[in-house]
Amino acid sequence: MPAQISRPRFVKIAVPCPLYKMFDYRLPATFGDHTIQPGVRVRVPFGRQKLIGIVIEEVSTTDVPANKLKSISDVLDSHNLLGDDILKLLLWAARYYVHPLGDALQTALPVYLRSNDDATPSLNEHWRLTQPTTEETQQSLKRAPKQLRLYQLLQAAAKNGTESGLDADALNTRTENWRAPLKALLEKQLIESFVRPALLTPQNDSQQAPALNDEQIEAIKNIEAHRQQHAVHVVNGITGSGKTEVYLALCEAMLADGKQILVLVPEIGLTPQLTQRFLQRLNANVVVLHSAMNDKQRYAAWHAAANKQAQLVIGTRSSIFTPLPDLGLIIIDEEHDGSYKQQDGFRYNARDLAILRAKNKNIPIVLGSATPSLESLNNVNEQRYHAHFLRKRANKKPLPKIQLINLCSQKLYEGLADGLLAKIKQHLEQQGQVLLFINRRGFAPLLMCHDCGWTTNCQRCDAHMTFHKRRNQLHCHHCGSQRPAPENCDECGSDNILAIGAGTERIEHFLQERFPETQVSRIDRDSTRNKGALQDKLEKAHSGESGILVGTQMLAKGHDFPNITLVCVLDTDQALFSADFRAAEHLAQLITQVSGRAGRAEKPGEVLIQTHHPDHPLLQTLLHSGYPTFAKAALQERTAAGLPPIHHLVLLRCESVDASAAPTFLQQAADLAKQIELKDIDLFGPIPAPMERRAGRYRHQIMLQSKQRKNLHRLLNWWVPQLQQLPAARKVRWSIDVDPYDTF
Ligand code: ADP
Ligand code: ZN
Ligand code: ZN
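Residues numbered from 1 in each chain as written. Chains lettered and ligands numbered in written order. Predicted model: local features only at pLDDT ≥ 70, side-chain atom pairs only at ≥ 80, totals over all residues. Heavy atoms only, no water.

Got a minute to help me understand helix α1 (residues 84-96) in this structure?
For an α-helix, 3.6 residues make a turn, and residues three or four places apart therefore share a direction. Here α1 is 13 residues long and its end C-alpha atoms lie 18 Å apart, about the 18 Å a rise of 1.5 Å per residue gives. Those residues of α1 not exposed but buried are I86, L87, L89, L90, A93, A94 and Y96. Check the buried side of α1 and you find it contacts α2 (101-108), α12 (350-361), α22 (709-723) and β32 (733-738). (Helix = DSSP H or I, 4+ residues; strand = E, 2+ residues; numbered from the N terminus. Expected span 1.5 Å × (residues − 1). Buried < 20%, exposed > 50% of the residue type's maximum accessible area, 1.4 Å probe, protein only. Contact = heavy atoms within 4.5 Å.)

Looking at this model, I keep getting lost on the packing of helix α18 (residues 583-595) against helix α20 (residues 627-640). Mind explaining?
Close contact between α18 and α20 brings their axes to 11 Å; oriented N to C, the two are set at 175°. If you check the angle between α18 and α20, you find them roughly antiparallel. Between α18 and α20, the residues in contact are A584, E585, A588, Q589 and T592 and Y627, F630 and R638, respectively. (Axes fitted to C-alpha atoms, helices over the stretch in contact; angles between N-to-C directions. Parallel < 35°, antiparallel > 145°, perpendicular 65-115°, else oblique.)

Can you walk me through the nonpolar core in this structure?
A general feature of soluble globular proteins is that nonpolar side chains tend to end up buried together. Counting 110 residues, the largest nonpolar core has F278, F321, F665, L704 and W719 as its most contacted members. Not counting residues up to four positions away in its chain, the partners in contact with F665 are L652, C654, L723, L726, A728, A729, V732 and W734. If you look at the next biggest cluster of nonpolar residues, it comprises 31 residues, including L538, F561, L618 and F630. (Core = buried A, V, L, I, M, F, W, Y, C linked by side-chain atoms within 4.5 Å.)

I would appreciate a short explanation of the side chain of Q701 in the present structure.
Within the secondary structure, Q701 sits in strand β31 (residues 697-706). If near-sequence neighbours (up to four positions away) are discounted, Q701 is found in contact with L651, L652, R653, L666, F684, G685, P686, I687, A689, P690, T743 and F744.

Help me understand the site of ligand 1, please; the structure alone is not making it clear to me.
Close to ligand 1 lie 15 residues; A211, Q216, K243, T244 and R277 are nearest. The contact in question runs from a nitrogen atom of ligand 1 to an N or O atom on the side chain of Q216, over 2.8 Å. Considering ligand 1 on its own, with 560 Å² of exposed area, one finds that the protein chains cover 73% of that surface. Take the shell around ligand 1: its biggest share by element is three residues, from helix α9 (residues 243-256). Residue composition of the shell around ligand 1, by class: five nonpolar, six polar and four charged. (Near = heavy atom within 4 Å. Polar contact = N/O pair within 3.5 Å; in protein donor to acceptor, adjacent residues only side chain to side chain. Areas by Shrake-Rupley, 256 points an atom, 1.4 Å probe, with all protein chains shown as cover. Nonpolar A, V, L, I, M, F, W, Y, C, P; charged D, E, K, R; others polar.)

It is not clear to me how the packing of aromatic side chains should be interpreted in this structure. Could you clarify?
How two aromatic rings sit relative to each other is given by the distance of their centres and the angle of their planes. As enumerated under the stated definition, the model contains 14 aromatic pairs in all. With centroids separated by 4.9 Å and ring planes inclined at 85°, the aromatic side chains of Y96 and Y97 adopt a geometry described as edge-to-face. Plain terms: the ring middles of Y112 and Y299 are 4.9 Å apart, the flat faces sit at 10° to each other, and that makes the pair stacked. Remark: Y299 occurs in helix α11 (residues 295-306) and Y112 occurs in helix α3 (residues 111-115); sequence separation between them is 187 residues. Take Y112: its relative accessible area is 14%, and that puts it in the buried class. (Phe/Tyr/Trp six-rings, centres within 6.5 Å; stacked < 30°, edge-to-face > 60°.)

Hey, could you run me through the coordination of the zinc ion (ligand 2) in this one?
Summarising the metal site, the zinc ion (ligand 2) is bound by the protein donors C449 (SG), C452 (SG), C489 (SG) and C492 (SG), whose distances to it range over 2.3 to 2.4 Å. What the four donor atoms of the zinc ion (ligand 2) show is an angle range of 104 to 115° at the metal, which sorts the shape as tetrahedral. Motif for the zinc ion (ligand 2), donor spacing along one chain: C-x2-C-x36-C-x2-C. Remark: C489 occurs in the loop between β23 (482-484) and β24 (497-500) and C452 occurs in the loop between β20 (446-449) and β21 (466-468); sequence separation between them is 37 residues. Its relative accessible area of 5% is what places C489 among the buried residues. (Donors = N, O, S within 2.8 Å, 3.2 Å for Na, K, Ca; no water. Tetrahedral: all angles 85-135°; square planar, octahedral: opposite > 155°, others 65-115°.)

Listed below in structure tokens is the structure:
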């Protein structure tokens, strides 16, 4: 290109940093007169570092004085890797959740791309033998022992049925210095290199769909009738009513149209079983995306979706940002689940963003649940969403009977009532399997001195430390602190220490003693920490080897145990009187969901709920009229209290090491907000958080409440960017949470 004096060019860049603004940079003349696309990654000088930022737009003028203006160092991509729709979604989301744009974009980018220039690495290069091994080949390598060793490794991999060969990671774990012998073997054409995409390919043992029932057919027909346009469909089907079959049928139709599909599942719902079902039934390349994968694996999956090699993505929350150029349908399974809300950093709600993404793209979205969130039910009431009901269980078995067990003045064994134990015995004798839920890990929630009343409090939180007997340790479940369990009281030295209350570990222990013939299996975060442990436990539960399962809510979803005949919910009272405004909704969802786990196969099921408050209206409504009636009542209560979904909430949370810094900052923030007219907004606080001290920090908050999202955002857009300039800001950590999931 001939040298010429061209006008200077400026670009607005979102740089990953906690500031609520974009930064202007000069586009170097070496870039010529090519257009620079929004979404392209660039490397820019920022303070003393170089960071990877994202181009938002080119502009013709800048306010930055010429001597301050820096130049872009490198342009890393030729096109927007995220795709225009994702970029648009993120621009909206950063504004809506009032989060620094650079950081929001960074969150959405695969970790691999945040630090690597090259967006086309040789992903998943594998090596394998070119032909079955012969004695002759082995002989020919006798004098090159390193080559022979490598050759034999690849041969062993082929034998193990790993026909996909081995990649660099696999070779690194098996041997070292393999690059040179690899090259030699490649030259001799004894081995070859190939790229295995990160895809799970359709399985040969494909399964036939069952003959669908009328309700399923009706739902599919109604959704497909609008499949070229945007609509939100709530598939409200009781557990075991065949929602997944509805998803599969919709996917089939979309795949036939050449479309891509995104399926979002809750964090702990991404069971291999679900993936398996999609693979067995659909003729599609599938990728999964979840937090247990490493950065490179995630990038490979992301890449396959972006390049249309994968037709179906099954993933957890952050998969909402996966580029899918031919996206035709989004499915959100268990849409009521809390794990769709990111609880730190960029606090988005993946379900809500999915709805927006579907709207922008003019495609349908399906929200499936046995217990839809009050948000979704409200949208159905207001006719913004379409509801489809599956009221019958696919196996035609009736829903189990739910009974309350009144704990008042009953003799309890580690928190279990006599009547409950008798029922467990009875079900085991009839070859049934039993499932017990308690939302408390560990052996006991606290230890107490029987002589002076001293309790094991966390030094850093307003909370007790949980006793874990197996490891003989105390753990704080709020800050992670650990210490050996004391043999003597810290205060009076007595060794008369009691374990108060019961968690999963204690109940497992007790039931194993009580029913020695039956295998008791505990499924919670502690017992499934080791790789493969969860899978192993689920398999044993499935096969019936474990007769009693004790677990936290990890067990509530996604798992289909056909032999469960008795489900027990052990601790309901906490939720009935919780300060968390969603606690009642969660309890109702849990009870409804787990009830669906009982009596799925040949045997009828029973559900028992322990409580000290059998007359509580929530339990009564749920028992006698079911979840929909409960939801209606809960919605009215929320509305009366000015809570979501009719009203909207924003929380400004703040924490500080110094007890007074957080309330001081929040008072300054409140005073600032009151400088402008708070139209139809109620501002509460500063008030201490329900758990005021946590991990050594004092926590306080301000809550904003309004019926009008618009008004809240008008305030937020003006207010939040100024917060970091408040005098007290330097001594605190604060964060803003729009549509908070809880107020803790
Ligand atoms: P959900 O997702 O609502 O819990 P699933 O789709 O997993 O329900 O279905 C529960 C079980 O019933 C599965 O084993 C499924 O194969 C089976 N099933 C679903 N629909 C039918 C049907 N129409 N006829 C027979 N079995 C069905
Ligand atoms: Zn004591
Ligand atoms: Zn703690």
